Amino acid sequence: MASAFGDGAEGPFVLAVPSKGRLQESAAVFFARAGLELVQGRGARDYRGSLAGVPSVEVAFVSSAEIVSQLAAGAAHFGVAGEDLVREKVPDVEARLELLSPLGFGHANVVVAAPRAWIDVRSMADLDDVASAYRAKRGERMRVATKYVNLTRRFFAEHGVADYRIVESLGATEGAPASGAAELIVDITTTGATLAANALKALDDGVILRSQATLVASLAAPWGENARAAARDILARIAASEEARRSREVRARLPSPAHLIVETACERFGAVSATGEDAGPHGFVALHCARGKVAELAGWLLAKGAERVSVVALEQAFDARNALYEALEKRISPGQR
Amino acid sequence: MTPTLLAPTPADPASQASRSAGERALGHFLEAGFERTEPPILHPAAIFLDMSGEEVRRRLFLTASASGEELCLRPEYTIPVCRAYLASDKAGGIAEYSYLGPVFRAQAGHSGERTQTGLESFGRRDAEAADAEIFALALEAATAAGGVPLAARLGDAGLFDRLLDALTVPEAWRRRLRRGVARGRGLEAIFNRPSQGALAQPGVLAALESADHAGAKALVEDLLAIAGIDAVGGRSAGEIADRFLEQASLRSGEPIEAEKRAVLEAFLAISGDPDEAAVELRRLADSARLDLGSALDAFERRNGFIAARGGAIDETRFSAAFVRDFDYYTGFVFEALDPGCPGAKTALSGGRYDGLAKRLGATDDIPAVGAAITLDRLANGGER
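What counts, and at which threshold
- Residues numbered from 1 in each chain as written.
- Chains lettered and ligands numbered in written order.
- Predicted model: local features only at pLDDT ≥ 70, side-chain atom pairs only at ≥ 80, totals over all residues.
- Domains from an automatic or database assignment.
- Contact = placed C-beta atoms within 7 Å.
- Nonpolar A, V, L, I, M, F, W, Y, C, P; charged D, E, K, R; others polar.
- Helix = DSSP H or I, 4+ residues; strand = E, 2+ residues; numbered from the N terminus.
- Pairing = 2+ DSSP bridges.
- Axes fitted to C-alpha atoms, helices over the stretch in contact; angles between N-to-C directions.
- Buried ≥ 20, exposed ≤ 12 C-beta atoms within 10 Å, placed from the backbone.
- Core = buried A, V, L, I, M, F, W, Y, C linked by C-beta atoms within 7 Å.
- pLDDT = per-residue confidence, 0-100.
- Arc of directions from axis to C-beta.

## Quick word on the domain arrangement of chain A
Residues and elements named next belong to chain A.
- If you check the domain split of chain A, you get domain 1 (13-105 + 212-223), domain 2 (108-211) and domain 3 (246-313).
- Here domain 1 and domain 2 have C-alpha centroids that lie 31 Å from each other.
- With six residues of domain 1 at the interface, the matching set in domain 2 holds eight residues.
- For the side of domain 1 that touches domain 2, the class distribution of residues is no nonpolar, two polar and four charged.

Following this line, the structure appears as structure tokens:
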């Protein structure tokens, strides 16, 4: 099907990344590790850039909130965003976005926290009880300060808590109970230190979301051939660098029948042969194996008759199967080609 | 000049049908002496959030005033009409209103604008007669508008509350019961709260076994002092102590005795023809030696008034388990839908809400009963 703009008029593939702060640094490191260097335009105020080595990709440096809204609107194909923001800001996330891969940084939990003085309140069920008693006694609902209005509403509904009111708070939420602006908060926390400093505690079952930075694809973006090719390329590289980080290459020369030893090694240690099923005529093999199992595998190979086993760190490990892209391709409707 | 920009949007045939059906219903209300009113469309969002809880937020069309106050388009008429009544010089006295116009509720796959018509009666002291009149007028109007008699379901929050009084159910369980039943949960699910184990803090509760309020409060204050916790936020040490006491008292054995629970079970199972239900309710009250007194008398009186009006009701069934999860609904509740349309949504709903005026700032409760018809939920979107 031709795009609305006519064939050949496909715009660039847009990758939206955070424009400042620790998230930007971590994202740059993450992409660089995959051989994808984010190149910012000249001048500190240039918010468009490119991806070294992948033509036809435009990098947009924008705020986290903007990344999420661009993804939802289909103005960006890929974006790096905290899962908390994605789930808070986008209604019907599963239908509009594909959360491709957690990125391993920007960890934080969205939690329900109450004053520590409420020693009778430990769980959401306690909160339900207390909230309804509070309303019955005062004729007002208990107030919850948060910027996560939607996450809070969904989570409270799941736990059957109804007697509360949300007070939107766009900064220093943790101070709301002390200042009398609210009784409870729902906020993001990494260590809990800020909660403790404000005489608050997270409820035992009050973790709404364990969030981290996530690579997100927009299903609403125009997925023409170029965009698909760019996505496939970027995801192959990310997968290759992630696989390389997780694995080590284990090399050895094995006695005959080497292919049987390889087969058993793959089964027992979850390894993958980098050189195919058949060992070469001299019994040289290379196996990719999870880092944690390398020593065990090496010992086992020695026992099987290898004289020397070497373990090599990998830079990238590309696989014919591009699982990340396959997951995405299933979600992009063919009509958008 | 760009006259096309000024041209009115082409009328949506469905909403036009709703409008003309609405005119027919409204005519019915006007004839009965219910003065037409058109309250403002914009209201402080906090009012609806306070009354209905955060769950309605996702349904509200929110906006803000120039000074930053959070406003919403009215999602229904009852609260706006009640506010207008309270602001008028008739506040506290008898006043009866009808309305026809748009209400706004965000909904996937729908513009969010719907036409509602309805009526509200304030200040009448002959509650059961007023209940019956509003119920009958609303059903007649809906029939006039949609062309098909609706099937109605009645409930009575007053009876339910009276039963809980008579059974001396502890306060904490009254709240849970009323809310659980309103959400259509069975007694089993309401009483077997999975959290009961997690709730218990055996050490504290054991220490409180024979304590009174003052003793419990002192204990809580000691606990806080030992832990070095400043009292922050909302609830006092006394309130925390009271909750511990309540838990301690509930800890021993069942939340309510098996005998009372059986009565509750039997009560909630009563449904069917309203007159037969009244007989069953009396029988239940007698056999359990419970005084449902004035609540049951009122129920029977109301049934009498409804029967006397006769009228355009295809089927009326009472259900003891039909209560609403709004504390300002204090008595009679009803809803109705098109029986010929499988999966039809409630097209008409209403009830007695004596508690609303006070919640909106009046010094005392004011008797009030009303009903609303959502026109596009009548047969053929209200088209005859």
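## Concerning the interface of chain A and chain B
- At the junction of the two partners, chain A supplies 29 residues and chain B supplies 25 residues.
- Among the elements that line the side of chain A that touches chain B, the one with the most residues is helix H5 (residues 124-138) of chain A, at seven residues.
- Split into classes, the residues belonging to the side of chain A that touches chain B amount to 17 nonpolar, two polar and 10 charged.

## Details of the sheet that holds strand E15 (residues 284-290) of chain A
All names here are of chain A.
- Pairing within the open sheet is antiparallel, and its four strands lie in the order E14-E15-E13-E16. Bordering the open sheet on either side are strand E14 (272-273) and strand E16 (309-313), each of which pairs with just one other strand.
- Packed onto the sheet, helix H10 (residues 258-269) meets E14 and E15 and runs at close to 0° relative to E15.

## Here we look at the domain arrangement of chain B
- Its domain assignment divides chain B into domain 1 (11-39 + 74-166 + 266-382) and domain 2 (200-251).
- Each of domain 1 of chain B and domain 2 of chain B was reduced to a C-alpha centroid, and the two centroids are 43 Å apart.

## Section: the sheet that holds strand E2 (residues 42-44) of chain B
Residue and element names in this part refer to chain B.
- Spatially, three strands are ordered E2-E4-E3 in an open sheet, and the strand pairing comes out antiparallel. Each edge of the open sheet is held by one strand with a lone partner, namely E2 and strand E3 (62-64). The mean inter-strand angle of the sheet, taken between neighbouring strand axes irrespective of direction, is 45°.

## A word on the pairing of E16 of chain A
All names here are of chain A.
- Of all five residues in E16, zero are buried, a share of ten percent or less.
- Where strand E13 (residues 247-253) and E16 come together, five bridges link them in antiparallel fashion. Of the residues in E16, the one forming a bridge with Val250 is Val311.

## Observations concerning the packing of helix H9 (residues 225-246) of chain A against helix H12 (residues 323-331) of chain A
Residue and element names in this part refer to chain A.
- Here H9 crosses H12 at 145°, and the two axes come no closer than 8 Å. Residues Ala231, Arg232, Leu235, Ala236, Ile238 and Ala239 of H9 pack against Ala323, Leu324, Tyr325 and Leu328 of H12.
- Grouping the constituent residues of the contact of H9 with H12 by class yields nine nonpolar, no polar and one charged.

## Observations concerning the nonpolar core
- Core analysis: the biggest nonpolar cluster contains 88 residues, and Phe135, Ala138, Leu139, Ala142, Ala336, Leu348 and Ile373 of chain B have the highest contact counts within it.
- The contacts of Ala142 of chain B, once residues within four sequence positions are left out, are Ala25, Leu150, Ala336, Ala347, Leu348, Ile373 and Leu378 of chain B.
- Of all hydrophobic cores here, the second largest spans 47 residues; its members include Phe78, Trp223, Ala236 and Leu328 of chain A.

## What about the pairing of strand E7 (residues 150-156) of chain B?
All names here are of chain B.
- Taking burial as the measure, the seven residues of E7 include five buried ones, the bulk of the element.
- Bridge count between E7 and strand E10 (residues 332-337): six bridges; the pairing is antiparallel. Residue Ala152 lies in a different strand from E10, and its bridge partner there is Ala336.

## Some points on the confidence of the model for chain A
Residue and element names in this part refer to chain A.
- The pLDDT averaged across chain A works out to 88; a share of 94% of its residues lies at or above 70.
- By mean pLDDT, H5 is the weakest element of chain A at 86, and strand E12 (residues 213-218) is the strongest at 96.
- Confidence drops under a pLDDT of 50 for residues 1-7, and excluding neighbours within four residues, the segment shows six contacts in the predicted structure.

## A look at H12 of chain A
Residue and element names in this part refer to chain A.
- When H12 is considered as a whole, its buried residues turn out to be Leu324, Tyr325 and Leu328. Buried residues along H12 cover an arc of 90° about the axis, so they all sit on one side. For H12, exposure combined with an orientation more than 90 degrees from the buried face picks out Glu326 and Lys330.
- At its buried positions, H12 is contacted by strand E6 (97-102), E12 and H9.

## Quick notes on the confidence of the model for chain B
All names here are of chain B.
- Chain-level pLDDT for chain B is 84 on average; 88% of the residues reach the 70-or-more range.
- This model gives residues 1-10 a pLDDT under 50, and the stretch forms zero contacts once residues within four places in sequence are excluded.
- Both scores are available for the predicted complex, with the pTM at 0.76 and the ipTM at 0.70.

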